[in-house]
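One-letter residues, chain by chain:
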Amino acid sequence: MSAYSATEPSAASKWVAGTLVTLYMVITLLPLAWIISTGFKTGPDSISYPPKVIFSPSIEGYVNLFTDRTRATPEQLATMPPPENFVDEIVQRRGEVITGPSRFGERFLNSVIIGFGSTFLSIFLGTLAAYAFSRFKVPLKDDLLFFILSTRMMPPIAVAIPIFLMYRELGLSDTHLGMILLYTGVNISLAVWLLKGFIDEIPREYEEAALIDGYTRFQAFRKVVLPQAATGIASTAIFCLIFAWNEYAFAVLLTSGTAQTAPPFIPTIIGVGGQDWPAVAAGATLFLLPVMIFTILLRKHLLRGITFGAVRK
Amino acid sequence: MRGCIMAEVVLSGLTKTFGATRALSDVSMTIPDGSFVVLLGPTGAGKTTTLRLIAGLDRPDTGDIAIAGRSVRDDTPAQRDVAMVFQQYSLYPHLTVRDNLAFPLRSPVMNWPEAQIASKINEVASVLRIAHKLDNKATQLSGGEMQRVSIGRALVRNPRIYLMDEPLSSLDAKLRADLRVELKRIHAELGATFLYVTHDQIEAMTMATHVGVLDQGRLVQFGTPREIYENPVSAYVASRLGQPRINLLPAGVFGPAPSGAAQIGLRPEHVAVGEGQSATVRRVEHLGDQTRLHLTLGPHEIITLADPHTTLSPGDSLSIRPDNPLWFDASGNRI
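Residues numbered from 1 in each chain as written. Chains lettered and ligands numbered in written order. Predicted model: local features only at pLDDT ≥ 70, side-chain atom pairs only at ≥ 80, totals over all residues.

Glancing now at the overall build of chain B. Helices and strands together make up the secondary structure of chain B, namely 9 helices and 17 strands. Projected onto its principal axes, the C-alpha coordinates of chain B cover approximately 70 × 45 × 40 Å. A buried classification covers 41% of the 335 residues belonging to chain B. Nonlocal contacts in chain B, meaning residues at least 24 apart in sequence, comprise 63% of its contacts between residues at least 6 apart. (Helix = DSSP H or I, 4+ residues; strand = E, 2+ residues; numbered from the N terminus. Buried ≥ 20, exposed ≤ 12 C-beta atoms within 10 Å, placed from the backbone. Contact = placed C-beta atoms within 7 Å.)

Another point: the overall build of chain A. Along the backbone of chain A there are 14 helices and 2 strands. Over its C-alpha atoms chain A spans a radius of gyration of 26 Å, topping by over 25% the 20 Å that the globule rule assigns to 313 residues. Once the C-alpha set of chain A is aligned to its principal axes, its extents read approximately 85 × 70 × 40 Å. In chain A, which comprises 313 residues, the share counted as buried stands at 34%. (Rg over C-alpha atoms; globule rule 2.2 N^0.38 Å.)

Between chain A and chain B, the residue contacts involve 19 residues of the former and 25 residues of the latter. At the level of elements, helix 10 (204-212) and helix 11 (217-246) of chain A are the ones that each hand at least two residues to the side of chain A that touches chain B. The element that contributes the greatest number of residues to the side of chain A that touches chain B is helix 10 of chain A, accounting for 6 residues. Across the side of chain A that touches chain B, the residue classes break down as 10 nonpolar, 5 polar and 4 charged. (Nonpolar A, V, L, I, M, F, W, Y, C, P; charged D, E, K, R; others polar.)

This paragraph deals with the domain arrangement of chain B. Residue and element names in this part refer to chain B. Under the domain assignment, chain B is made up of domain 1 (9-238) and domain 2 (247-328). Of note, the centres of domain 1 and domain 2, computed from C-alpha atoms alone, are 38 Å apart. With 4 residues of domain 1 at the contact, the number on the domain 2 side is 5 residues. Among the residues forming the side of domain 1 that touches domain 2, the class breakdown is 3 nonpolar, 1 polar and no charged. (Domains from an automatic or database assignment.)

The subject of this paragraph is the confidence of the model for chain A. Residues and elements named next belong to chain A. Confidence in the prediction of chain A, expressed as mean pLDDT, is 87, and 94% of residues score 70 or more. Confidence, read as mean pLDDT per element, is least for helix 4 (residues 74-79) in chain A (79) and greatest for helix 6 (residues 104-135) (95). Overall, residues 305-313 carries pLDDT values under 50, and its contacts beyond four positions in sequence, including any with other chains, amount to 23 contacts. (pLDDT = per-residue confidence, 0-100.)

Moving on, we get to the domain arrangement of chain A. Residue and element names in this part refer to chain A. You can read the domains of chain A as domain 1 (43-102) and domain 2 (105-304). The C-alpha centroid of domain 2 is placed 38 Å from the C-alpha centroid of domain 1. With 13 residues of domain 1 in contact, the opposing surface of domain 2 contributes 11 residues. Elements with a contribution of two residues or more to the side of domain 1 that touches domain 2: helix 2 (43-46), helix 3 (60-66), strand 1 (67-71) and strand 2 (96-101). Examining the composition of the side of domain 1 that touches domain 2, we find that 6 residues originate from one element, helix 3, more than from any other.

With that settled, consider the packing of helix 6 of chain A against helix 11 of chain A. All names here are of chain A. Contact geometry of helix 6 with helix 11 gives a least axis separation of 9 Å together with a crossing angle of 140°. In terms of orientation, helix 6 and helix 11 fall into the oblique class. The handedness of the crossing between helix 6 and helix 11 is right-handed. Two secondary-structure elements touch here, helix 6 through S111, I114, G115, F116, S118, T119, S122, I123, G126, T127 and Y131 and helix 11 through F221, V225, A229, I233, T236, A237, C240, L241, A244 and W245. Residues belonging to the contact of helix 6 with helix 11 are distributed by class as follows: 13 nonpolar, 8 polar and no charged. (Axes fitted to C-alpha atoms, helices over the stretch in contact; angles between N-to-C directions. Parallel < 35°, antiparallel > 145°, perpendicular 65-115°, else oblique. Left-handed = near helix turned anticlockwise from the far one by under 90°.)

This part is about the sheet that holds strand 13 (residues 271-286) of chain B. Residues and elements named next belong to chain B. Pairing is antiparallel in the open sheet, where 4 strands are placed in the order 15-14-13-16. Lying at the two open borders of the sheet, with one neighbouring strand each, are strand 15 (300-306) and strand 16 (317-322). Ignoring strand direction, the axes of neighbouring strands in this sheet form an average angle of 50°. Relative to strand 14 (residues 291-297), strand 13 is paired through 6 bridges, and the arrangement is antiparallel. The partner of E285 across the bridge, within strand 14, is R292. (Pairing = 2+ DSSP bridges.)

On to the packing of helix 9 (residues 176-201) of chain A against helix 11 of chain A. All names here are of chain A. Relative to each other, helix 9 and helix 11 sit at 150°, their axes nearing to 9 Å. Looking at the two axes, helix 9 sits roughly antiparallel to helix 11. Note on packing geometry: the crossing formed by helix 9 with helix 11 is right-handed. Contacts between helix 9 and helix 11 involve Y183, V186, N187, L190, A191, L194, L195, F198 and I199 from the former and V225, A229, G232, I233, T236, F239, C240, F243 and A244 from the latter. Within the contact of helix 9 with helix 11, the residues separate by chemical class into 15 nonpolar, 3 polar and no charged.

Residue and element names in this part refer to chain B. Of all 6 residues that make up strand 9 (residues 210-215), 5 are buried, and the element is covered over most of its length. Bridging between strand 3 (residues 36-40) and strand 9 involves 4 bridges; their strand directions are parallel. Counted as the bridge partner of L40 is V213 from strand 9. Alignment of strand 9 against strand 10 (residues 218-223), held across 5 bridges, turns out to be antiparallel. The residue bridging L214 from the neighbouring strand is L219, located in strand 10.

Right, let's talk about helix 5 (residues 143-155) of chain B for a bit. Residue and element names in this part refer to chain B. Its 13 residues place the ends of helix 5 18 Å apart at the C-alpha level, agreeing with the 18 Å of an ideal helix rising 1.5 Å per residue. By the criterion of burial, helix 5 is predominantly enclosed, with 11 of the 13 residues buried. If you check which residues of helix 5 are buried, you get E145, M146, Q147, R148, V149, S150, I151, G152, R153, A154 and L155. (Expected span 1.5 Å × (residues − 1).)

Bringing the nonpolar core into the picture now. Grouped burial of nonpolar side chains is what soluble globular proteins tend to show. Judged by nonpolar contacts, the single largest core of 130 residues is most densely connected at B:V37, B:V38, B:I54, B:M84, B:L163, B:L195 and B:Y196. No other element matches helix 9 of chain A, which puts 11 residues into this core. Apart from residues lying up to four places away in sequence, B:M84 is in contact with A:I212, B:L51, B:A55, B:A154 and B:L163. Of all hydrophobic cores here, the second largest spans 16 residues; its members include A:Y62, A:L65, A:F104 and A:A282. (Core = buried A, V, L, I, M, F, W, Y, C linked by C-beta atoms within 7 Å.)

The next point concerns helix 11 of chain A. Here helix 11 of chain A is 30 residues long, yet its end C-alpha atoms lie only 37 Å apart, well below the 44 Å a rise of 1.5 Å per residue gives. When the local axis directions of helix 11 of chain A are compared, the greatest deviation, roughly 55°, occurs at A:A230. (Bend = angle between axes of the 7 residues up to and from the residue.)

What follows covers the sheet that holds strand 11 (residues 247-250) of chain B. Residues and elements named next belong to chain B. Taken in spatial order, the 3 strands line up as 11-12-17 in an open sheet, and their pairing is antiparallel. Taken across any chain shown, the strands that pair with only one partner, and hence form the sheet edges, are strand 11 and strand 17 (326-328). In this sheet, adjacent strand axes meet at a mean angle of 30° when their direction is disregarded.

Structure representation (structure tokens):
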């Protein structure tokens, strides 16, 4: 038994905490692990009962995700040249031939353009607006802030019909710009409020010192406020990206071709004869990666917490 | 080299309110070129507001500020060419000490070559004894070091006026004494103009060429430290300077008073020992360079100075009388 300490938790409470965290981790990661492993199963393995935990991995799901195929008769197959690579081999073994690449690549690219585009725009506009709300005398400031927040007081899908009609009239339906504007519109209230909180925490004295040191207000903003708001900007950007990246309802409603994002596309991957679960799981796995990478890249800022300032309070 | 730039600062009729609070009322003051003006007053008297108005961080409601004969009312802080040391240090936390010191020199207004910046920084850092901390992040410094860096950030420049808001307040006694001398030397050598806020009377007396006393946003007296000390216009001003503080007693305690006098003000040198009223010693404080006597005279308490090697002890009695004291009327004004 270690000596009593005021700050160090007891061994028993550490065990309880550790167990709870582990349990929580298992519960949250299990579906994720299931999706990732399903992506590497064959069709029959993915729907076998009882479910297979141990299986021989296959990249069939990924092949199916990226290709369009059609069933070929044995006679047709016999006339074809021998498979050039392992992808052809996998497909031909199932009695299919590749007719071309699938749409997944471009849908994924759409998600990247729309997700990151709207995140950038939300952060850009949100930071400037938050700075202004934090530092300047804005007429009707409280009303404006409330108004901005009020756009989040109902589920966005409640305005689906008006937006659908509006977008059709404006020619924004199924365009990248339209989706970027829509997600920016939804995210900007979150961005303004979160960032205003972060900027409020940065003492004005820093900017005042910079003004006296010979900088203009915008230069002071860029050189002094922005670096210190980095933590807030990073976490806000992650929230914005996660929303725009995962958004499903509006994507289904407003996009069908050119600007369709990955979420509405992935469930439409129909295999030959039944839902192609490995391909869906492979799509979901790839779809998870960008947000995960983005979050990992910014985690330094997330973990650093609020800057410990050099201002005497 | 500067010195030839006239940097007389003239404040005329400055008034500033923040919401319902009147921070400054009709303050007029001339800060002569090359002078070292100290602003005295309790918290809330308007000292910091005065600095901020001159720096251009706040705009006066009415009144004007002229530097070197030209109104700067519409100038940005950068255009005014002033340096300011904030009470709260305000070091840029994301930068190293070196970059903090270089920050003003890299501004679009200054835009010095890097080699020149480096040599200036080394010079200032050695004066302020922070050379060994140059590559630390500003947040890794102690309070005293932060304060020195913040003074350094003003000293790397040669502005028309240095504005300093209690720059030595969080330093230890020795460093404070050293920097007092250093600032005074910079003042003398550069011929720079200083406007300096402090609560510390030694700083005020030793550094100032002029002292301005503020009370609730009004400038109540402006003059040399000697004038303020010897010839205060009111009991309030008199109590700003002098250690121990001036003793304020009802006018009649020592017998007849001038007509209209309500209070008698006794500085230690105004208390003559040997004759007059009998007082009792309550406490003797040996401070090293001085010895303070706490006396009771009837219901009143008087603090005065004694010979450092005095043999007086609590309970002893002695006779005191006022010697050329200051008289104040019922509203505290000097008679």
